[in-house]
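Geometric and topological summary
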Amino acid sequence: MRGGCFTIVIFMDLNSASTIVLQVLTQATSQDTAVLKPAEEQLKQWETQPGFYSVLLNIFTNHSLDVNVRWLAVLYFKNGIDRYWRRVAPHALSEEEKSSLRAGLITNFNEPVNQIATQISVLIAKVARLDCPRQWPELIPTLLESVKVQDDLRQHRALLTFYHVTKTLASKRLAADRKLFYDLASGIYSFACSLWNHHTDTFLQQICTGDETAASNSLERTLLSLKVLRKLTVHGFVEPHRNAEVMGFLLGVFERLRQFLECSRRIGTEKLCRDRLEKTIILFTKVLLDFLDQHPFSFTPLIQRSLEFAVSYVFTEAGEGVVFERFIVQCMNLIKMIVKNYAYKPSKNFEDSSLETLEAHKIKTSFFTYPTLTEICRRLVSQYFLLTEEELTMWEEDPEGFTVEETGGDSWKYSLRPCTEVLFIDIFHEYNQTLTPVLLEMVHSLQGPTNVEDSSAILIKDAVYNAVGLAAYELFDSVDFDQWFKSQLLAELQVSHNRYKPIRRRVIWLIGQWISVKFKSDLRPMLYEAIRNLLQDQDLVVRIETATTLKLTVDDFEFRTDQFLPYLESMFTLLFQLLQEVTECDTKMHVLHVLSCVIERVNMQIRPYVGCLVQYLPLLWKQSEEHNMLRCAILTTLIHLVQGLGTDSKNLYPFLLPVIQLSTDVSQPPHVYLLEDGLELWLVTLENSPCLTPELLRIFQNMSALLELSSENLRTCFKIINAYIFLSCPEFLQMYATDLCQSFCDLLKDITTEGQVQVLKVVENVLKVNPVLGPQMFQPLLPSVFRGIIDGERYPVVMSTYLGVIGRVLLQNTSFFSLLLNQMACELGQKVDQLLGNMIEMWVDRIDNITQPERRKLSALALLSLLPSENSVVQDKFCGIINVSVEGLHDVMTEDPETGTYKDCMLMSHFEEPKVTEDEEPPTEQDKRKKTLALKDPVHTVSLQQFVYEKLKAQQELLGEQGFQALMETVDTEIVAQLQGFLQGF
């Protein structure tokens, strides 16, 4: 069946066309791919045919048809809106058909299937986003009439559509669209309020009579009408505080919330009704939170009521028996947003603050009195910070799950504990002068060890210590933590009783919070001793928390390797045992990160102790095949291991190189997760490799596809290429030069300025390492570089690199430069001498584009290498060559204060192993290779002063005294004087 035939059928007879499309849609719902695929292909062809969407509308509004077929028809219709509804879209629907479809969509709101009804509401909203109100003025009036009908189904479906339309229109951000939504909101707000009040009152009456089924249906309508009001209230007014109805609705929210919370006492076990009730209560709080976020100053009249309401339900007996966890979280968020709101914070100079800010600040200040703040602080700590029975059970039954939850698992951010902790931190920061004495009094009341039989006292101490850790920065001047550590905390870590484990865990956590705030370096050995003991604790949670504190300790800027070394072997062994013991992916990742951090900080000192880890990682890698994030942690550990092992890392190659191969192979699915760390591992492996092995060389086959990606990892890819060049240029280029040159040519056609520079730096390094073969291998790239110089490349950093590349060729491979010059003269249709003159002129003119002293010296050496010469063009540019040379001398010559003579500061005569301090990383093998290479580089082996003298002397001998003097007279006298100063003693 061809699309063209189908089009004719549609225009002739909608019913017969519907029969044909219905048949294909039915086939498209088949589980048999042999039936499914052709049907999908046919539907795809019909997508752009006039009349197709009218047929779909005809099908999904026919309630007698199969639900799956109608569902599929709705989805195709919805996708068609995205693709073909806009006027400018290819194959756009005609205005006539769109008009007919709009009318058909809102003829009846009587869809019996909930899922299909939701999809129809969404697609109506999609059309409304594009056409309402200009092309579809009747939509809103139709919806307003339809939500008034007595028929329950039609009323609900119209209300559902009303919500989706309002939500979609509220999301538009262009100024003209915002104005239209403001007009719509002001026009229908009163009706929306009365609609919501009607459904709300109906629900409350039905609850009182005990009719939970009817109440549940009414509650659904209350929820939908409240969703509409939320969008209108938050997004429908520029200055909502000037609208009496808006403020009336918002002020009425608190009473409605109380009514709904009381309803929770009356609702029985009917789960659907209770779920809807809790959703509605949460939606009330979202209205307040969204309004505060979007209109902080309009919210000012609501600050007092909001704080009174939230604090009474969360921090007094008023909430007992009615509040639930998510409601408490929302109330705490409301308090936090008011406390932290920058709009309510006056400037240090009160006169600079707006009247609105001062008014809001005054309301806050009058509410947060000393008794209120004290009660909030005490309740947060003694009620909400306490470990719950559920948490304690989880600690016993699933210790790893407990630690994941405590450190921020997937559900952590939505739970009560983190919310209470954030609220405590924010309130303590805002009112620390008031609350510091309150918290310190709680601490002082807990001095000394706690009776292990008193579980309540243990939980209270855990909560108070938690508060002291969270407020560490605020308590800096009020707590002598060093003294507290020595006099009490250290002793508490030594109480080994099983029931005391919450305190051991909390104290070691507390130390981790204070380590970067206030902890004397002299106390570190005592802490390391305690950590070593706790890593042998009988409780797994304590050991995991101890590992976390160890990471924070070695990460701290006051960490000293010499203090840590006596404990390194035992701690590393204990951490490795912990890594083997834990089974959860998240916990293994965490322990691996701790190990990585230790390896990174002690560097080479780790070498004697890593054998066990090196043997275990291949097994862990194999076990983690389905856990890519754990493999990322393994890669990070390997990176630090290779850096710590240096050249000894070659012993890891049987495991290491296949890991790199897999992680950087873009044809393998895991590369999506592993690529960034895999590339970093590849780089450090090369940097620390003593020699190039065949296997290491073979991995480079992955690079071509990586360069094609042109991703954010391109910079690392270039570093890897450079590392291969420094490691073994001849072998590497013999195998990969052709492919690499082709990849670079492709890259340079479509790459950023920075990317161009990175490509050319690789070429420059090749020329530096192998000046004879390098130009031949990258010959296809050089004409574009030469042309860039002649054309006066406008980006200084690119021009600088161009000059560096050509400078290397000119200085170190004169014969190849001559060939290149002749080739370019042919391509550009110029004489060789003319082209040479243009190049020198541009070089001299753009010398200031070069900022690196090495490259500036290279330019001087390269241009001087053209001397001595009888060529009239070179002599014509003699002045410029001397100018560049003198600038180079200024860059590199330093005066010896004792002898008053000048010397070239870039000269290197021999290689010395640099002395490394404890805090410095030792040089890698690549650093040494670069140093060795520098000893062969003319920039570091040729004295510019000597070179200038010899070239001028040779030019003088070539031209004779008179001819040479005539040449020198073309140079500015000041430049000549500076030149003579540099050449004294020759």
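Predicted, not measured: the structure shown is a model, and the values here were computed from it.

1. Some thoughts on the overall build of the protein chain
Secondary structure summary: the protein chain contains 48 helices and 2 strands in total. On C-alpha atoms alone, the protein chain measures out to a radius of gyration of 38 Å, which is more than a quarter above the 30 Å that the 2.2 N^0.38 rule sets for 986 residues. Residue burial in the protein chain is summarised as follows: out of 986 residues, 54% are buried. Summarising the internal contacts of the protein chain: among those between residues at least 6 apart in sequence, 74% fall at separations of at least 24. Here the protein chain displays about 44,400 Å² of accessible surface, and carbon together with sulfur accounts for 50% of that area.

2. Regarding helix α19 (residues 399-406)
Among the 8 residues of α19, 6 are classified as buried, and the element is accordingly described as predominantly covered. Among all positions in α19, only Glu 400, Gly 401, Phe 402, Thr 403, Val 404 and Glu 406 are buried. Contact partners of the buried residues in α19: α18 (389-397), α20 (416-430), α24 (501-514), α26 (540-555) and α28 (585-602).

3. A word on the nonpolar core
Formed by 337 residues in total, the largest nonpolar core has its most connected members in Phe 424, Trp 682, Ile 721 and Phe 744. For this core, the element with the most residues is helix α35 (residues 714-749), which contributes 18 residues. Residues contacting Phe 424, with those up to four places away along its chain left out, are Cys 377, Leu 380, Val 381, Phe 385, Leu 439, Ala 467, Leu 470 and Ala 471.

4. Concerning empty space enclosed by the protein
Applying the stated criterion across every chain, the model contains 2 cavities of 30 Å³ or more. Of the volumes computed, that of the second largest cavity is approximately 30 Å³. Around the second largest cavity sit Leu 257, Thr 285, Leu 288, Phe 309, Gln 330, Cys 331 and Leu 334, which together line it. Counting residues per element, the ones that place at least two in the lining of the second largest cavity are α13 (271-294) and α15 (325-340). In terms of residues, the lining of the second largest cavity owes the most to one element, α15, which gives 3 residues.

5. A short note on the domain arrangement of the protein chain
Note: interface size is frequently given as the accessible area lost on complex formation between the parts. For the protein chain, the assigned domains are domain 1 (189-346), domain 2 (370-386 + 437-518) and domain 3 (884-983). For domain 2 versus domain 3, the distance between C-alpha centres works out to 66 Å.

6. Things to note about the side chain of Ser 663
Assignment of secondary structure puts Ser 663 in helix α31 (residues 653-663). Looking at Ser 663, its side chain comes within polar contact range of the main-chain oxygen of Val 659, at 2.7 Å. Leave out the neighbours within four places in its chain, and Ser 663 touches Trp 621, Leu 635, His 671, Leu 674, Leu 675 and Gly 678.

7. Looking at helix α10 (residues 175-209)
The periodicity of an α-helix, 3.6 residues per turn, causes residues three or four places apart in sequence to face the same way. The end-to-end C-alpha separation of α10 is 49 Å, in line with the 51 Å expected for 35 residues at 1.5 Å each. In the structure, α10 departs most strongly from a straight axis at Ile 188, where the bend amounts to approximately 50°. Of the residues one or two after α10, Gly 210 is the one with positive phi, at around 85°.

8. Regarding the UniProt feature "domain: Importin N-terminal" (unreviewed entry) in the protein chain
Those places that UniProt annotates as "domain: Importin N-terminal" (unreviewed entry) correspond, in this numbering, to residues 39-111. Structurally, residues 39-111 comprises 63% helix and 0% strand, and the distance from its first C-alpha atom to its last is 26 Å.

9. Thoughts on a nonpolar patch on the surface
On the surface, Met 629, Val 672 and Tyr 673 cluster together into a nonpolar patch covering about 330 Å² of accessible area. Mapped onto the elements, Val 672 comes out in helix α32 (residues 671-687). Exposure remark for Val 672: the relative accessible area of 62% places this residue in the exposed category.

10. A closer look at the side chain of Arg 808
Tracing the sequence through the fold places Arg 808 in helix α39 (residues 796-812). Assessed through its relative accessible area of 6%, Arg 808 is described here as buried. The contact partners of Arg 808, leaving out residues within four places of it in the chain, are Glu 764, Leu 767, Lys 768, Asn 813, Leu 858, Asp 937, Pro 938 and Val 939.

11. Observations regarding the environment of Val 602
Mapping Val 602 onto the fold places it in helix α28. Separated by 245 residues in sequence, Val 602 and Thr 357 have C-alpha atoms that sit 52 Å apart. Residues within four places of Val 602 in sequence aside, it is in contact with Thr 561, Phe 564 and Leu 568.

12. Details of unusual backbone geometry
The phi torsion of most residues other than glycine is negative, and most of the peptide bonds are trans. Look at the link from Cys 132 to Pro 133: it is a cis peptide, with omega at 5°. With respect to the helices, strands and loops of the structure, Pro 133 is situated in the loop between α7 (114-131) and α8 (139-146). At the junction of Leu 867 and Pro 868, the peptide bond is cis and its omega measures out at -5° in the coordinates. Counting through the fold element by element, Pro 868 comes out in the loop between α42 (853-864) and α43 (872-876). Despite not being glycine, His 91 shows a phi value in the positive range, around 60°. Along the chain, His 91 turns up in the loop between α5 (67-84) and α6 (95-105). The exposed category is assigned to His 91, whose relative accessible area is 55%.

13. Some points on the state of the cysteines
Under the counting rule described, the total for this entry stands at 0 disulfides. With no disulfide partner, Cys 132 has as its closest neighbouring cysteine sulfur the one in Cys 193, 20 Å distant. By relative accessible area, which is 11% here, Cys 132 ends up buried. You can see Cys 717 has no disulfide; the closest cysteine sulfur is in Cys 632, sitting 16 Å from it.

14. Let's talk about the packing of aromatic side chains
Inspection of the entire model under this criterion finds 40 aromatic pairs. On the numbers, 5.9 Å between centres and 55° between planes, the contact of Phe 254 with Phe 309 is tilted. With Phe 254 in helix α12 (residues 244-266) and Phe 309 in helix α14 (residues 300-315), this pair connects stretches of sequence that are 55 residues apart. The pair Phe 254 / Phe 309 is uniform in exposure class, with both members buried.

15. Details of the pattern of salt bridges
Considering all chains together, one arrives at 44 salt bridges under this definition. Among the salt bridges present, the one from Lys 345 reaches Glu 430, with a minimum N-O distance of 3.3 Å. Here Lys 345, found in the loop between α15 and α16 (355-367), pairs with Glu 430, found in helix α20; they are 85 residues apart in sequence, far enough to count as distant. For Lys 345, a relative accessible area of 28% translates into the label partly exposed. Given the relative accessible area of 27%, Glu 430 is considered partly exposed. Ionic contacts of the salt-bridge type, sharing partners, join the residues Asp 848, Arg 856, Glu 887 and Asp 891 into one network.

16. Observations regarding the environment of Glu 40
With respect to the helices and strands, Glu 40 occurs in helix α3 (residues 33-46). Relative accessible area serves as the criterion here: at 32%, Glu 40 is assigned to the partly exposed category. Distance in space between the C-alpha atoms of Glu 40 and Thr 29 is 9.4 Å, their sequence separation being 11 residues.

17. Quick look at the confidence of the model for the protein chain
Of all residues in the protein chain, 96% attain a pLDDT of 70 or more, and the chain-wide mean is 92. Overall, residues 1-12 carries pLDDT values under 50, and its contacts beyond four positions in sequence, including any with other chains, amount to 21 contacts. Across residues 409-413 the pLDDT falls below 50, and counting only partners more than four positions away or on other chains, this stretch makes 7 contacts in the model.

18. Re the packing of α39 against helix α41 (residues 832-845)
Where α39 contacts α41, the two axes come as close as 11 Å, and the packing angle between them is 130°. Relative to α41, the element α39 is oriented oblique. In the packing of α39 onto α41, the handedness of the crossing is left-handed. Two secondary-structure elements touch here, α39 through Met 799, Leu 803, Ile 806, Gly 807 and Leu 810 and α41 through Met 839, Met 842 and Trp 843. Here the contact of α39 with α41 is built from residues that sort into 7 nonpolar, 1 polar and no charged.

19. Describing a negative patch on the surface
The grouping of Glu 397, Asp 398, Glu 584 and Asp 586 at the surface amounts to a negative patch. Counting through the fold element by element, Asp 586 comes out in helix α28.

The rules behind these values
Residues numbered from 1 in each chain as written. Predicted model: local features only at pLDDT ≥ 70, side-chain atom pairs only at ≥ 80, totals over all residues. Heavy atoms only, no water. Helix = DSSP H or I, 4+ residues; strand = E, 2+ residues; numbered from the N terminus. Rg over C-alpha atoms; globule rule 2.2 N^0.38 Å. Buried < 20%, exposed > 50% of the residue type's maximum accessible area, 1.4 Å probe, protein only. Contact = heavy atoms within 4.5 Å. Areas by Shrake-Rupley, 256 points an atom, 1.4 Å probe, with all protein chains shown as cover. Core = buried A, V, L, I, M, F, W, Y, C linked by side-chain atoms within 4.5 Å. 1 Å grid on protein atoms, 1.4 Å probe; cavity = no way out; pocket = protein on both sides within 12 Å on 5 of 7 lines; lining within 4 Å. Points joined across faces, edges and corners; volume = space filled by probe spheres on them. Domains from an automatic or database assignment. Polar contact = N/O pair within 3.5 Å; in protein donor to acceptor, adjacent residues only side chain to side chain. Expected span 1.5 Å × (residues − 1). Bend = angle between axes of the 7 residues up to and from the residue. UniProt positions renumbered as here; feature names shortened; annotations may be inferred. Patch = residues over 30% accessible without salt bridge, like charges linked within 9 Å, V, L, I, M, F, W, Y side chains within 5 Å. Salt bridge = Lys/Arg side-chain N within 4 Å of Asp/Glu carboxyl O. Disulfide = S-S within 2.5 Å. Phe/Tyr/Trp six-rings, centres within 6.5 Å; stacked < 30°, edge-to-face > 60°. pLDDT = per-residue confidence, 0-100. Axes fitted to C-alpha atoms, helices over the stretch in contact; angles between N-to-C directions. Parallel < 35°, antiparallel > 145°, perpendicular 65-115°, else oblique. Left-handed = near helix turned anticlockwise from the far one by under 90°. Nonpolar A, V, L, I, M, F, W, Y, C, P; charged D, E, K, R; others polar. Lys, Arg positive; Asp, Glu negative; His and termini not counted. Charge placed at Lys NZ, Arg CZ, Asp CG, Glu CD.

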